[in-house]
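Here is how the chains run, residue by residue.
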Amino acid sequence: MPEPEDRPDDQPDERPDERPDEQAGERAGERPAAEPTGRQRLREAFRSPGRGQVVVAVLLAAVGFGAVTQVNATEEDDSYTGYRQQDLIDVLSGLAGASERARSEIARLEESRSDLLDRSESRRSALEQAQEESDTLAILAGLVPVRGPGVRIEIDGTVSIDSMLDLVQELRSAGAEALEVNDRVRLVAQSSFEATEAGLVVDGELLGPPYVLEAIGEPSGLRGALSFPGGPEDSLEDDGATIVVEQLESVEVDSVVDDAAPDVAVGVD
Amino acid sequence: MIAVLGLLGGVLLGLVLQPDVPVGLEPYLPIAVVAALDAAFGGLRAFLDGIFDDKVFVVSFVSNVVIAAGIVYIGDRLGVGGQLSTGVIVVLGIRIFSNVAAIRRHLFHA
């Protein structure tokens, strides 16, 4: 292996090149005129290639081939075939860490999901309960029309207010859930009776005979509450009225109380 | 002239054939290519210096490629293949830079 020629490869005479450029120019100037410059040599080689260039051509072909092959492989290579064992282990442990993190994230999200579901569940049941309660209270307060089994009591003739109040009280204590007079006035907790010449005034409405009182409740129980000795039926007949009681499968109470909201009373916790 | 034709021929051959790199050689091919590039630039520089010899070129080309691939192979056996191939690439890259600098001075006088 001839040493001097090998130098440019292994340990090229770097010193002149690393110096500032004036030095290189100086050196070129120093060159004897007989020795061709690099450019001239290159031009010469292009014009009249020697036999030695064939070997160089073969090797350069190998370089080009290898480079293109490698470029292709790099572009195509989306798999891990070219990886070293250590690289693969690193990739694997990285993936394992990532999947571990993802799994704990999933667990956390599932927990918060079930938490939210629980909360919305309990909220919905609270809402249902409140709705039910509100329905019940609306019925009791006379805010909605209702229907159900009950009795229809028709009273004709003159009635005293005491007998009327007695009748309503007896119906209530027998479990009447909704009461209505003459299809016009719903009887609720705030209802009041007044006696006038023309007839009864119930909640500000003047009503004349015949008075029709519809009550929703257990029909036979309501019926029994009227007919015991000294009961409302007797006292109404004593007043000089006639009373007819029908037990019905379905009684409709359509009238409602308009404004049940209290004006001045507020709740105390 | 022939040398340039040879380089173009190799590139075209690679483009046309689209060969698959054998799995066993895959870590060494890029190192070998860089080492061969280094040898090629060294040869061009020697040529411009007027000290080119095709026998030397062949020997240095082959030994460059073999040593570079061999270092990486040994590194793989020792479990430091990744680091060693990085080191080889760095060294070869520095050499390519200095060779190209010399070539540049020859061709452009700058």
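Since this is a predicted model, take the numbers as computed values, not measurements.

## Things to note about the overall build of chain B
The helix and strand tally for chain B stands at four helices and zero strands. Split into buried and exposed, the 110 residues of chain B put 43% on the buried side. Nonlocal contacts in chain B, meaning residues at least 24 apart in sequence, comprise 70% of its contacts between residues at least 6 apart.

## Structural notes on the overall build of chain A
Helix and strand counts for chain A come out as nine helices and eight strands. Across the 269 residues that make up chain A, the buried fraction comes to 23%. When contacts within chain A are restricted to residue pairs at least 6 apart in sequence, those whose partners lie at least 24 apart make up 76%.

## Let's talk about the interface of chain A and chain B
Taken together, the 47 residues of chain A in the interface contact 56 residues of chain B. With 21 residues, the single largest contributor to the side of chain A that touches chain B is helix H5 (residues 52-76) of chain A. For the side of chain A that touches chain B, the per-class residue count stands at 24 nonpolar, 12 polar and 11 charged.

## Focus: the nonpolar core
Counting 38 residues, the largest nonpolar core has Leu60 and Val63 of chain A together with Ala32, Ala35, Ala36 and Ala40 of chain B as the members making the most contacts within it. Of all the secondary structure elements, the ones that give two or more residues to this core are H5 of chain A together with helix H1 (2-17), helix H2 (29-49), helix H3 (54-78) and helix H4 (81-108) of chain B. In terms of residue count, the dominant contributor to this core is H2 of chain B (14 residues). For Ala32 of chain B, the residues in contact, after removing those within four places along its chain, are Gly66 of chain A together with Val65, Ala68 and Ala69 of chain B. Of all hydrophobic cores here, the second largest spans 29 residues; its members include Leu167, Leu200, Val202 and Ala215 of chain A.

## Observations regarding the sheet that holds strand E6 (residues 205-207) of chain A
Residues and elements named next belong to chain A. Strand order in the open sheet formed by three strands is E4-E5-E6, with antiparallel pairing between adjacent strands. Edge positions in the open sheet fall to strand E4 (193-195) and E6, since each of these has one partner strand only. Each strand of the sheet is rotated relative to its neighbour by a mean of 30°, with strand direction disregarded. Two elements, strand E5 (residues 200-202) and E6, share three bridges in a ladder whose sense is antiparallel. Looking at E6, one finds that Val201 is bridged to Leu206. Each of E4 and E5 touches helix H7 (residues 161-173); the most contacted strand, E4, lies at about 160° to it.

## As for the confidence of the model for chain B
Residue and element names in this part refer to chain B. Residues with a pLDDT of 70 or more make up 99% of chain B, whose mean pLDDT is 86. Taken element by element, the predicted model of chain B shows its lowest mean pLDDT in H1 (82) and its highest in H4 (89). Under the prediction, the complex receives an ipTM of 0.81, its pTM being 0.45.

## Details of the packing of H5 of chain A against H2 of chain B
At a closest axis distance of 9 Å, the pairing of H5 of chain A and H2 of chain B adopts a crossing angle of 145°. Crossing geometry of H5 of chain A relative to H2 of chain B is assigned as left-handed. Along the contact surface, H5 of chain A presents Val56, Leu60, Val63, Gly66, Ala67, Thr69 and Gln70 of chain A, while H2 of chain B presents Leu29, Pro30, Ala32, Val33, Ala36, Leu37, Ala40 and Gly43 of chain B. Its residues assigned to classes, the contact of H5 of chain A with H2 of chain B comprises 11 nonpolar, four polar and no charged.

## Some details on the sheet that holds strand E1 (residues 146-156) of chain A
Adjacent strands of a sheet pair through backbone hydrogen bonds, lying either parallel or antiparallel. Residues and elements named next belong to chain A. Taking strand neighbours across the sheet as the criterion, the five strands line up as E3-E2-E7-E1-E8 in an open arrangement whose pairing is antiparallel. A strand with exactly one partner marks an edge of an open sheet, and here the two such strands are strand E3 (185-187) and strand E8 (242-253). Averaged over all neighbouring strand pairs, the angle between strand axes comes to 25°, with direction disregarded. Note: E1 against E8, 10 bridges, orientation antiparallel. When the sheet's bridge partners are listed, Val151 is paired in E8 with Gln247.

## Comments concerning the pairing of strand E7 (residues 211-216) of chain A
Residues and elements named next belong to chain A. In terms of burial, E7 is largely enclosed, as five of its six residues are buried. Summarising the sheet, E1 and E7 pair through six bridges and their orientation is antiparallel. Its bridge partner lying in E7, Val151 is registered against Ala215.

## Observations regarding the confidence of the model for chain A
Of all residues in chain A, 83% attain a pLDDT of 70 or more, and the chain-wide mean is 79. Residue range residues 1-33 of chain A is modelled with pLDDT below 50. Its contacts to residues more than four positions away, or to other chains, number 39 contacts.

## Some remarks on the packing of H7 of chain A against helix H8 (residues 219-227) of chain A
Residues and elements named next belong to chain A. Closest axis-to-axis distance for the H7/H8 pair is 9 Å, and the angle between their directions is 140°. Classified by the angle their axes make, H7 and H8 are oblique. Our pair here, H7 against H8, has a crossing hand that is right-handed. Side by side, H7 and H8 meet where Glu170, Leu171 and Ser173 of the first sit next to Leu222, Ala225 and Leu226 of the second.

## Things to note about H4 of chain B
Residues and elements named next belong to chain B. In this model, H4 (28 residues) spans 39 Å end to end at C-alpha, consistent with the 40 Å of a helix rising 1.5 Å per residue. Within H4, burial applies to Gly81, Ser85, Leu92, Arg95, Asn99, Ala102, Ile103, Arg105 and His106. Looking one or two places after H4, you find His109, whose phi comes out positive at around 55°.

Scoring rules and cut-offs
Residues numbered from 1 in each chain as written. Chains lettered and ligands numbered in written order. Predicted model: local features only at pLDDT ≥ 70, side-chain atom pairs only at ≥ 80, totals over all residues. Helix = DSSP H or I, 4+ residues; strand = E, 2+ residues; numbered from the N terminus. Buried ≥ 20, exposed ≤ 12 C-beta atoms within 10 Å, placed from the backbone. Contact = placed C-beta atoms within 7 Å. Nonpolar A, V, L, I, M, F, W, Y, C, P; charged D, E, K, R; others polar. Core = buried A, V, L, I, M, F, W, Y, C linked by C-beta atoms within 7 Å. Pairing = 2+ DSSP bridges. Axes fitted to C-alpha atoms, helices over the stretch in contact; angles between N-to-C directions. pLDDT = per-residue confidence, 0-100. Left-handed = near helix turned anticlockwise from the far one by under 90°. Parallel < 35°, antiparallel > 145°, perpendicular 65-115°, else oblique. Expected span 1.5 Å × (residues − 1).

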